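# Observations on the model geometry
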Amino acid sequence: MKELSRTVPVTGIWCDATGTLHTWRYLEVVNGLVEAWFAQVGYSFRAMHISGDVGTPTTRLHLDVATPAALGETLQARLRLLHLGHSSLGFHVTACCDGAPRMDARVTLVWVANDRGRLTSRPIPEDLRGRMAEWLADVEAGLENTGEGAPR
């Protein structure tokens, strides 16, 4: 299983007056990792949105914050692909600081095309699907993509 990771410094612009990370900034961490992941599989957001006229809107998001991050901390953020469907992708994104959990997110994206201003679900192109499949998490590692609410 491949995993994408990056460090994310918690700076003042990301925090409230108490030095606590604004919860919604975790969504930027998630999106930043997703964008970096697409670049790793060879299909940048620029190519997707501008040249390809396709996109991957978020259709489901579950975010848990174990302990708010604080100003000056450095988060170790990780992304794993849990599900690769016909037109959907399911990711697990975590962030911790010095091994202590800060954030846990599950996100589902759907591959869509812009059909004259109307977004419609489309199959993920096969050549891209092959590169994505290399990132699928090992089900035996407890990262199953089945059950209620699983992406399709």
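Before reading on, note that the structure itself is shown above.
Residues numbered from 1 in each chain as written. Predicted model: local features only at pLDDT ≥ 70, side-chain atom pairs only at ≥ 80, totals over all residues. Heavy atoms only, no water.

Core analysis: the largest hydrophobic core is formed by 40 residues, its most contacted members being Trp37, Phe38, Leu89, Phe91, Trp111 and Met132. Going through the elements one at a time, strand S1 (4-9), helix H1 (25-40), helix H2 (45-51), strand S4 (74-84), strand S5 (88-97), strand S6 (100-110) and helix H3 (126-133) are the ones with two or more residues in this core. Residue contributions to this core peak at eight residues, all from H1. Discounting residues that sit within four places of it in the chain, phenylalanine 38 has contacts with Tyr43, Ser44, Phe45, Met48, Thr56, Leu89, Leu109, Trp111 and Met132. (Core = buried A, V, L, I, M, F, W, Y, C linked by side-chain atoms within 4.5 Å. Buried < 20%, exposed > 50% of the residue type's maximum accessible area, 1.4 Å probe, protein only. Helix = DSSP H or I, 4+ residues; strand = E, 2+ residues; numbered from the N terminus. Contact = heavy atoms within 4.5 Å.)

This next bit is on the sheet that holds strand S2 (residues 54-55). Taken in spatial order, the three strands of this open sheet run S2-S7-S8, and their pairing is antiparallel. Both edges of this open sheet fall to S2 and strand S8 (118-121), since each of them pairs with a single strand only. Relative to strand S7 (residues 112-115), S2 runs antiparallel, the two being bridged by two bridges. The residue of S7 that forms the bridge with glycine 55 is valine 112. (Pairing = 2+ DSSP bridges.)

Attention shifts here to the environment of cysteine 96. Mapped onto the elements of the fold, cysteine 96 is located in strand S5. With 71 residues separating them in the primary sequence, cysteine 96 and arginine 25 have C-alpha atoms 14 Å apart.

Attention now moves to the pattern of salt bridges. Tallied over the entire structure, the rule returns eight salt bridges. Note that lysine 2 is salt-bridged to glutamate 134, the shortest N-O span being 3.5 Å. Of this pair, lysine 2 sits in the segment before S1 while glutamate 134 sits in the segment after H3, placing them 132 residues apart in sequence. Classification of lysine 2 by relative accessible area gives partly exposed; the value is 35%. Where arginine 131 meets aspartate 127, a salt bridge forms, and the shortest distance between an N and an O atom there is 3.9 Å. Of this pair, arginine 131 and aspartate 127 both sit in helix H3, four residues apart, which is roughly one turn of the helix. Residue classification places arginine 131 among the partly exposed residues on the basis of a relative accessible area of 32%. The exposed category is assigned to aspartate 127, whose relative accessible area is 54%. Each of Glu3, Arg78 and Arg80 takes part in one network of salt bridges that share partners. (Salt bridge = Lys/Arg side-chain N within 4 Å of Asp/Glu carboxyl O.)

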